[in-house]
Amino acid sequence: MAPERFFGQPAAIATDVYEAALLFYVMVAGRSPWLDDADVDQRLDATPLADLAEVPLALSDVVMRALSTRAARRPPSIEV
């Protein structure tokens with residue numbers, strides 16, 4: 001779930017970007033970006049995708065930006 005949804009904010013495109021990035025991350029890395037999914041503090045310091053999977057650094061950077069806890073920092077869409 002995107003962080004803003006925890007606080008009762010309505011879903012938006014940024015919410016979908018976050019959730020698509022999280023799904024992609026798990027599919028590629030085989031685990032979530034955090035060692036403890038229940039630890040809220042770890043969500044502020046996700047493990048870069050490039051640390052867990054052989055992906056181009058540019059792809060890792062886009063995925064990590066899409067996983068930003070701040071919706072305004074995420075890409076505006078999932079379009080390439």
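Please read these numbers as outputs of a predicted model, since none were measured by experiment.

Draft legend 1. Main features of the overall build of the chain. A count of helices and strands for the chain gives four helices and zero strands. Sequence-ordered secondary structure for the chain, helices as α and strands as β, is α-α-α-α. For the chain, whose C-alpha radius of gyration is 12 Å, the value lies close to the compact-globule estimate of 12 Å for 80 residues. With respect to the principal axes defined by its C-alpha atoms, the chain has extents near 35 × 30 × 20 Å. The buried share among the 80 residues of the chain stands at 32%. Partitioning the intrachain contacts of the chain with sequence separation of at least 6 by distance along the chain shows that 44% fall at a separation of at least 24. Put simply, the chain shows about 5,400 Å² of open surface, and 59% of that area lies on carbon and sulfur atoms. Positive and negative charge centroids in the chain, built from 7 and 12 side chains respectively, lie 6 Å apart.

Draft legend 2. View of the environment of Gly 8. Secondary-structure assignment places Gly 8 in the loop between helix H1 (3-6) and helix H2 (13-29). Among the residues examined, Gly 8 registers a relative accessible area of 60% and is labelled exposed. Separated by 16 residues in sequence, Gly 8 and Phe 24 place their C-alpha atoms 24 Å apart.

Draft legend 3. Representation of the side chain of Thr 15 within the structure. Considering the arrangement of structural elements, one finds Thr 15 in helix H2. Not counting chain neighbours up to four residues away, the residues in contact with Thr 15 comprise Ala 2, Glu 4, Arg 5, Pro 10 and Arg 74.

Draft legend 4. How the structure looks around the packing of aromatic side chains. Going through the model one piece at a time under the given rule, you end up with zero aromatic pairs. Sitting above the plane of the Trp 34 ring, Arg 43 keeps its charged end 4.2 Å from the centroid.

Draft legend 5. Molecular detail of the environment of Ser 68. Topologically, Ser 68 is positioned in the segment after helix H4 (57-66). The spatial distance from the C-alpha of Ser 68 to the C-alpha of Tyr 18 is 7.5 Å, given a sequence separation of 50 residues. Among all residues touching Ser 68, those that are not within four sequence positions of it are Tyr 18, Arg 73 and Arg 74. A polar side-chain atom of Ser 68 sits 3.1 Å from the main-chain amide nitrogen of Arg 70.

Draft legend 6. Structural detail: the packing of H2 against H4. At a minimum axis distance of 8 Å, the contact between H2 and H4 shows a crossing angle of 135 degrees. Considered as vectors, H2 and H4 are oriented oblique to each other. Taken as a pair, H2 and H4 cross one another with a handedness that is left-handed. Judged by residue contacts, Val 17, Tyr 18, Ala 21, Phe 24 and Tyr 25 of H2 engage Leu 59, Val 63, Met 64 and Ala 66 from H4. Across the contact of H2 with H4, the residue classes tally to nine nonpolar, no polar and no charged.

Thresholds, definitions, all that
Residues numbered from 1 in each chain as written. Predicted model: local features only at pLDDT ≥ 70, side-chain atom pairs only at ≥ 80, totals over all residues. Heavy atoms only, no water. Helix = DSSP H or I, 4+ residues; strand = E, 2+ residues; numbered from the N terminus. Rg over C-alpha atoms; globule rule 2.2 N^0.38 Å. Buried < 20%, exposed > 50% of the residue type's maximum accessible area, 1.4 Å probe, protein only. Contact = heavy atoms within 4.5 Å. Areas by Shrake-Rupley, 256 points an atom, 1.4 Å probe, with all protein chains shown as cover. Lys, Arg positive; Asp, Glu negative; His and termini not counted. Charge placed at Lys NZ, Arg CZ, Asp CG, Glu CD. Phe/Tyr/Trp six-rings, centres within 6.5 Å; stacked < 30°, edge-to-face > 60°. Lys NZ or Arg CZ within 6 Å of the ring centre and 35° of its normal. Polar contact = N/O pair within 3.5 Å; in protein donor to acceptor, adjacent residues only side chain to side chain. Axes fitted to C-alpha atoms, helices over the stretch in contact; angles between N-to-C directions. Parallel < 35°, antiparallel > 145°, perpendicular 65-115°, else oblique. Left-handed = near helix turned anticlockwise from the far one by under 90°. Nonpolar A, V, L, I, M, F, W, Y, C, P; charged D, E, K, R; others polar.

All quantities given are derived from atomic positions and should not be read as evidence of function.
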